[in-house]
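So the chains spell out like this:
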Amino acid sequence: VDVFQAWCGPCKPVVNLFQKVRNEVGSNLLHFAVAQADSIDALEKYRGQCEPVFLFYTGGELVAVVRGADAPLLQKTILKHL
């Protein structure tokens with residue numbers, strides 16, 4: 001989940017990374033979503049920052065958080081939790 005705020009928007013360049021990995025591992029294993037922290041109370045702790053935050057869930061449980069658009073770290077985190 002790409003968590004963003006209205007004033008800085010979602011991290012669009014990372015979408016390409018997720019699509020690439022999704023094509024490699026299969027579309028049923030990886031799902032990408034965006035969520036605006038301003039409008040979701042559960043994401044309040046991610047407000048007020050201009051860096052993107054990516055939340056990784058497996059089986060409905062939060063398993064990892066990556067701050068910043070570090071493509072190698074994001075890919076490593078995705079593959080680790082798949």
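The name that an unreviewed UniProt entry assigns to the protein is TXND6 protein, with the source organism given as Poecile atricapillus.

Caption draft 1: Representation of the pairing of strand S3 (residues 53–58). Sheet analysis places strand S1 (residues 2–4) next to S3, joined by 2 bridges and oriented antiparallel. Bridge assignment links Val3 to a residue of S3, and that residue is Val53. Bridge analysis of S3 against strand S4 (residues 61–67) gives 6 bridges, and the strand direction is antiparallel. When the bridges of S4 are listed, Phe54 appears paired with Val66.

Caption draft 2: Region of the structure containing the packing of aromatic side chains. Following the criterion strictly, the structure yields 3 aromatic pairs and no others. Put simply, the rings of Phe18, Phe32, Phe54 and Phe56 pair up and form one aromatic cluster.

Caption draft 3: Focus on the pattern of salt bridges. According to the stated counting rule, one finds 2 salt bridges in the structure shown. Across the pair Lys20 and Glu24 runs a salt bridge, and its minimum N-O distance is 3.5 Å. With Lys20 and Glu24 both in helix H1 (residues 12–25) and 4 residues apart, this pair spans about one turn of that helix. By relative accessible area, which is 42% here, Lys20 ends up partly exposed. For the salt bridge of Arg47 with Asp41, the shortest nitrogen-to-oxygen distance reads 4.0 Å. Classification of Asp41 as exposed rests on a relative accessible area of 67%.

Scoring rules and cut-offs
Residues numbered from 1 in each chain as written. Predicted model: local features only at pLDDT ≥ 70, side-chain atom pairs only at ≥ 80, totals over all residues. Heavy atoms only, no water. Pairing = 2+ DSSP bridges. Helix = DSSP H or I, 4+ residues; strand = E, 2+ residues; numbered from the N terminus. Phe/Tyr/Trp six-rings, centres within 6.5 Å; stacked < 30°, edge-to-face > 60°. Salt bridge = Lys/Arg side-chain N within 4 Å of Asp/Glu carboxyl O. Buried < 20%, exposed > 50% of the residue type's maximum accessible area, 1.4 Å probe, protein only.

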